[in-house]
Each structure stands twice: as C-alpha cells, then as structure tokens.
Amino acid sequence: MIKYQDEFEGYLRDNASGPGDKAAAFVKSSIASLNSVCKYLGVTINAKILGSDSDIDALCARLSKTGKVSDKNIKHYRSAMQQYVNMVNGL
C-alpha cells in the first residue's frame, strides 16, 4: 500500500515528460514498482518509511537481501522511490 497514492500519481503526471501515452506508462510503472516494494518487504510506503535518500538505500538493501528481486528490478524500484522522496520533500 502506498500512502498518498493519489497525490503521488498527480505528482508523477505533473513531472512526466513526453506524449500522453508515455507519461501514463511512466505513472503506471512507478506505482507498480512501489507496490512491489510494499509486497516484497511487507511495508506501507509513507513519508516515515521513504522520506530520504538513506531510506531508499536501506529499502534497496533489504530488497537485495530477500534474494527474490533482481538487480535490474531494484534499479527500477529505486527510481520510483526517488520520485516518492522528491514528492515528499517538495522537489
């Protein structure tokens, strides 16, 4: 579960570049990535769990330790987590 998912989707749409289809795919992919993080780690994404770059590093390390997530997917998840951190911090 992603706390403030609607706000996050709006943030992503506002900051996506490219034609509508590409922007929509970016939003969908980012939401799916964060939902995967929630699933694999059993957490709810919120500003307390994911509010800084060090939180991103910690969550990525936890994902890696599960042995269930490829490095390629962790890279995609990291990108989505960075967008969430940017939203939380008003960037």
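Chains are numbered independently. Their residues run from 1 in the order of the written sequence. This being a predicted model, a pLDDT of at least 70 is required before a residue's local features are given, and a value of 80 or more before pairs of side-chain atoms are given or counted; all residues contribute to the totals for chains, interfaces and linings. Side-chain measures were taken over the full set of non-hydrogen atoms in the model, leaving aside hydrogen atoms and water.

Take the nonpolar core next. By size, the foremost hydrophobic cluster in this structure holds 25 residues, and its most contacted members are Leu34, Ile45, Leu50, Leu63, Met81 and Tyr84. Only helix H1 (5-15), helix H2 (20-41), helix H3 (53-66) and helix H4 (71-88) provide two or more residues apiece to this core. By the criteria applied, helices consist of DSSP H or I runs no shorter than four residues and strands consist of E runs no shorter than two, each listed in order from the N terminus. Ranked by the residues each element gives to this core, the list is headed by H4, at seven residues. Any two residues whose heavy atoms approach within 4.5 Å are treated as being in contact. The residues contacting Tyr84, other than those within four sequence positions of it, are Ile2, Lys3, Tyr4, Phe8, Leu34, Ile45, Asn46, Ala47 and Leu50. We define a nonpolar core as any set of buried Ala, Val, Leu, Ile, Met, Phe, Trp, Tyr and Cys residues linked to one another through side-chain atoms lying within 4.5 Å. Burial classes follow relative accessibility: with a 1.4 Å probe on protein chains only, a residue under 20% of its type's maximum area counts as buried, one over 50% as exposed, and anything between as partly exposed.

Glancing now at the packing of aromatic side chains. Between the rings of Phe, Tyr and Trp (Trp by its six-membered ring), a pair exists once the centres lie within 6.5 Å; its type follows the angle of the planes, with under 30 degrees stacked, over 60 edge-to-face, and the other angles tilted. In total, this model carries one aromatic pair according to the counting rule given. When the ring of Phe8 is compared with that of Tyr84, the centres are 5.3 Å apart and the planes differ by 65 degrees; the resulting orientation is edge-to-face. Of this pair, Phe8 sits in helix H1 while Tyr84 is found in helix H4, placing the two residues 76 residues apart along the sequence. Judged by relative accessible area, which is 0%, Phe8 ranks as buried.

Note on geometry: axes are C-alpha line fits, over the in-contact stretch for helices, and angles between N-to-C directions span 0 to 180 degrees. Packing of H1 against H4 brings their axes to within 10 Å, and their N-to-C directions diverge by 100 degrees. With respect to each other, H1 and H4 are oriented roughly perpendicular. For the pair H1 and H4, the contacting residues are Glu7, Phe8, Tyr11 and Leu12 in the first and Ala80, Gln83, Tyr84, Asn86 and Met87 in the second. Here the term charged refers only to Asp, Glu, Lys and Arg, the term nonpolar to Ala, Val, Leu, Ile, Met, Phe, Trp, Tyr, Cys and Pro, and the term polar to all other amino acids, Gly among them. Each residue belonging to the contact of H1 with H4 can be placed in one class, and the counts come to six nonpolar, two polar and one charged. Any angle that falls under 35 degrees is termed roughly parallel, while one over 145 is termed roughly antiparallel, one within 65 to 115 roughly perpendicular, and all others oblique.

To estimate how far a helix should reach, multiply one less than its number of residues by 1.5 Å. Between its first and last C-alpha, H4 extends 25 Å over 18 residues, near the 26 Å set by a 1.5 Å rise per residue. Within H4 the residues assigned to the buried category are Ile74, Tyr77, Ala80, Met81, Gln83, Tyr84, Val85, Asn86 and Met87. Positive backbone phi, approximately 70 degrees, marks Gly90, located one or two places after H4.

Following both chains from N to C, one finds H2 and H4 inclined at 100 degrees, their axes separated by 9 Å at the closest point. Between H2 and H4, the crossing angle belongs to the class labelled roughly perpendicular. Contacts from Phe26, Ser30, Ser33, Leu34, Ser36, Val37 and Tyr40 of H2 reach H4 at His76, Tyr77, Ala80, Met81, Gln83 and Tyr84. Across the contact of H2 with H4, the residue classes tally to eight nonpolar, five polar and no charged.

Note that all results are geometric; they support no functional claim without further evidence.
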